[in-house]
Amino acid sequence: MSEGSTTARDHQPLLVAKDVHRHFEGMRAVDGVSIEVPRGQITGLIGPNGAGKSTFMAVLAGTLPATSGTIVFDGRDITRLPPFMRARTGLVRPFQLPSEFARLTVLENLLVAAQDNRGDSLFGALMGKRYWIEDERRLVKQARVLLKRFGMTAKESDYAGTMSGGQKRLVEIMRALMLKPRLLLLDEPMSGVHPKIVEEIQYYLQDLRSEGITILMVEHELHMVERLCDSVVVMAQGKVIGSGTMASLRKQPEIVDAYLVG
Amino acid sequence: MNLYYGANLLIYAGVDIIACLALNLQFGVSGIVNFSFIVFQAVGAYTAAVLSMPNDKAFGYDFQLYVGGYQLPFPIPWIGGAVAGGLLAVPVGLVVLRKLRADYQAIALLVTSVIANTVITNARPFLNGAAGLALVPPPLADQIDPNTAPYQYFYVGLTILAVVLVLFVVNRVVNSPYGRSLRAMREREIAAMAIGKNPVRLKMTAFIVGGVIAGFSGALLVGFIQFWAPSVWLYPETIILFAAIIVGGRGNNVGAILGALLVPVGFEEVTRLLNNAPLGLPAGVVPALEWVAIGLLIMGFLWFRPDGVRPEPRRVFEGGPDIE
């Protein structure tokens with residue numbers, strides 16, 4: 001393959017949403033949103049409450065089907081794919097709400113998300129432990145690296161349901177990382193989390209970006225957005241009203257108005 | 001204790017253990033509240049019966065009306081029973097498990113159980129209606145006389161083999177990465193979907209595997225009691241099995257076995273003995289009280305010991321940090 005074609009692909013956005021609508025019985029929660037998410041960057045999605053940010057994220061993840069419009073992920077039209085298939089292609093959305101598997105241990109919460117375990121099928125299970133133990137060992141190792149990185153090594157055998165809110169958030173993020181995501185959709189990853197953990201999450205997000213993972217995140221804390229995001233998309237009343245760097249957005253009075261008034 | 005009574009008790013225990021292991025896979029591990037479980041046992045029993053019986057025109061069988069009657073040799077009727085349980089799970093699962101919310105699934109399955117029983121009771125030409133099928137030939141009856149002591153030992157041996165086989169299969173499933181996916185789906189379906197699990201497929205698989213095992217348990221039972229009728233698979237039978245799982249410990253195969261021994265076997269035996277004892281109670285009081293007791297048992301456990309006698313084990317992996 002020539003160097004040129006790789007570069008061309010790398011310059012294409014990882015995700016392209018075109019004229020995406022999501023209506024709820026006449027209410028246009030998402031009203032013709034088109035955005036592009038560049039590869040290897042952190043893109044922020046901001047806007048007042050009720051702007052349709054979370055609905056749009058849910059449409060991207062597939063939990064809510066789009067009323068109309070197209071979503072292309074890495075060159076593939078995924079508009080009609082069910083959410084679990086989108087997750088398998090690398091488009092992963094951890095939850096805004098705590099969504100741990102309470103009666104699985106923290107380590108198991110991570111392991112269960114791995115896609116490449118031979119024992120994770122009825123056939124594999126019936127073949128017995130010898131058939132899948134190598135995969136399991138490899139994944140346990142991988143999960144323990146994450147646990148260490150997130151400072152939760154000591155908790156690996158505790159039930160996830162017994163974790164604190166902030167720890168559950170970390171479990172959620174680690175679980176998403178076990179999926180080897182290419183695009184992480186994060187909906188206010190820092191909300192309701194202790195300031196110390198907020199700082200940690202920030203570092204991890206930057207680490208992830210340097211590892212080549214693309215991130216699209218909804219965030220209310222503007223200084224956080226300023227620090228983390230390479231570019232920002234502003235939504236209000238279901239539409240995109242602007243995009244660019246935070247600095248360039250601050251210079252546009254109508255955007256400042258929409259965001260502050262909303 | 002006489003041999004026939006002992007054999008009877010052991011075989012019922014085996015059948016109940018197998019049924020509880022199947023229900024534990026569906027309910028305890030995967031979270032499917034299968035209130036129609038007994039129907040799957042029944043379809044296995046009916047299938048095994050009509051596969052092993054001669055047709056309903058044959059001498060000695062012409063007082064009954066039923067479809068089939070193929071006189072197939074053992075173990076074909078048993079395999080047929082297991083397959084029938086799995087096959088029935090496909091349409092039922094597709095209708096119930098795809099779109100409905102979990103609580104409505106439970107209701108739909110309960111209704112399925114009632115409908116199935118009513119239909120079989122009233123559609124007499126199909127499986128002889130309320131009177132049921134009698135004179136079902138026991139396995140290998142042409143080689144060993146079923147009315148002898150050796151046959152009792154033989155059947156107990158078969159039952160033990162069947163229990164070991166089923167336990168082997170469910171242990172592999174439950175203690176594998178696949179079992180972990182099933183438990184994750186049980187805990188939070190929507191989050192499981194977010195990490196790439198297909199919950200419909202996971203549920204269908206657990207439902208079908210459970211159906212196969214349930215059908216197998218029916219075949220095993222009908223081969224021994226040689227009779228099968230709607231009165232033995234009324235929907236409350238499923239409730240007894242649920243009680244067993246709750247008492248034994250949801251999600252734990254050992255718990256399911258314990259539950260099977262404590263509730264369907266233990267309770268029913270105690271009731272039967274009390275009923276025969278000269279207590280001076282009016283007829284029917286003891287069996288009625290049995291239902292009260294089972295209801296109290298379920299409530300008591302859910303209240304005071306919701307995880308059962310043997311709770312689901314916490315999976316600790318080798319090489320981790322020492323805890324405590």
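If you're wondering where the values come from, they're calculated on a predicted model, not measured in any experiment. (Residues numbered from 1 in each chain as written. Chains lettered and ligands numbered in written order. Predicted model: local features only at pLDDT ≥ 70, side-chain atom pairs only at ≥ 80, totals over all residues.)

### With respect to the interface of chain B and chain A
Opposite the 29 residues of chain B that make contact, chain A presents 37 residues. Take the side of chain B that touches chain A: its biggest share by element is 8 residues, from helix H7 (residues 177-187) of chain B. Its residues assigned to classes, the side of chain B that touches chain A shows 13 nonpolar, 7 polar and 9 charged. (Contact = placed C-beta atoms within 7 Å. Helix = DSSP H or I, 4+ residues; strand = E, 2+ residues; numbered from the N terminus. Nonpolar A, V, L, I, M, F, W, Y, C, P; charged D, E, K, R; others polar.)

### Considerations on helix H11 (residues 253-276) of chain B
All names here are of chain B. The terminal C-alpha atoms of H11, which comprises 24 residues, lie 33 Å apart, in line with the 34 Å expected from a rise of 1.5 Å per residue. A maximum bend of about 35 degrees is found in H11 at Gly-266. What H11 keeps buried is the set Asn-253, Gly-255, Ala-256, Ile-257, Leu-258, Gly-259, Ala-260, Val-263, Pro-264 and Val-265. As for H11, its buried residues are in contact with helix H1 (3-29), helix H6 (149-174) and helix H10 (236-248). (Expected span 1.5 Å × (residues − 1). Bend = angle between axes of the 7 residues up to and from the residue. Buried ≥ 20, exposed ≤ 12 C-beta atoms within 10 Å, placed from the backbone.)

### Brief notes about helix H6 (residues 129-149) of chain A
Working note: α-helix, 3.6 residues per turn, so residues spaced by three or four point in the same direction. With 21 residues, H6(A) should reach 30 Å at 1.5 Å per residue; the first-to-last C-alpha distance of 29 Å fits that figure. Along H6(A), the helix axis deviates most sharply at Asp135(A), where the bend reaches about 25 degrees. Here H6(A) has its buried residues at Trp132(A), Glu136(A), Leu139(A), Val140(A), Ala143(A), Leu146(A) and Leu147(A). Buried-residue contacts for H6(A) involve helix H4 (106-111), helix H5 (122-127) and helix H7 (165-178) of chain A together with H7 of chain B. A positive backbone phi angle near 65 degrees is found at Gly151(A), which sits one or two residues after H6(A).

### Quick look at the nonpolar core
Residues Val234(A), Ile18(B), Cys20(B), Leu21(B) and Ala49(B) are the most contacted members of the largest nonpolar core, which totals 166 residues. Ranked by residues supplied to this core, first place goes to helix H9 (residues 199-225) of chain B with 14 residues. Shared between two domains, this core holds at least three residues of each, these being domain 1 (3-98 + 182-261) and domain 2 (101-162) of chain A. Each residue touching Cys20(B), except ones within four places of it in the same chain, is listed here: Leu241(B), Ala244(B), Ile245(B), Ala256(B), Ile257(B), Gly259(B) and Ala260(B). (Core = buried A, V, L, I, M, F, W, Y, C linked by C-beta atoms within 7 Å. Domains from an automatic or database assignment.)

### Examining the sheet that holds strand S6 (residues 91-92) of chain A
All names here are of chain A. Strand order across the open sheet formed by 6 strands is S6-S7-S8-S3-S9-S10, with mixed pairing between neighbours. With one partner strand each, in any of the chains shown, S6 and strand S10 (239-244) form the two edges of the open sheet. In this structure, S6 lies alongside strand S7 (residues 183-187), joined through 2 bridges in parallel fashion. Pairing of Val-92 across the sheet is with Leu-184, part of S7. (Pairing = 2+ DSSP bridges.)

### Overview of the confidence of the model for chain B
Of all residues in chain B, 99% attain a pLDDT of 70 or more, and the chain-wide mean is 93. Scoring of the predicted complex yields 0.90 for pTM and 0.88 for ipTM. (pLDDT = per-residue confidence, 0-100.)

### Comments concerning the sheet that holds strand S1 (residues 15-24) of chain A
All names here are of chain A. Strands sit in the order S2-S1-S4-S5 across an open sheet of 4 strands; the sheet is antiparallel. The two strands at the open ends of the sheet, each matched to only one other strand, are strand S2 (27-37) and strand S5 (76-77). Relative to strand S4 (residues 68-73), S1 runs antiparallel, the two sharing 5 bridges. Within the sheet, the bridge partner assigned to Leu-15 lies in S4 and is Phe-73.

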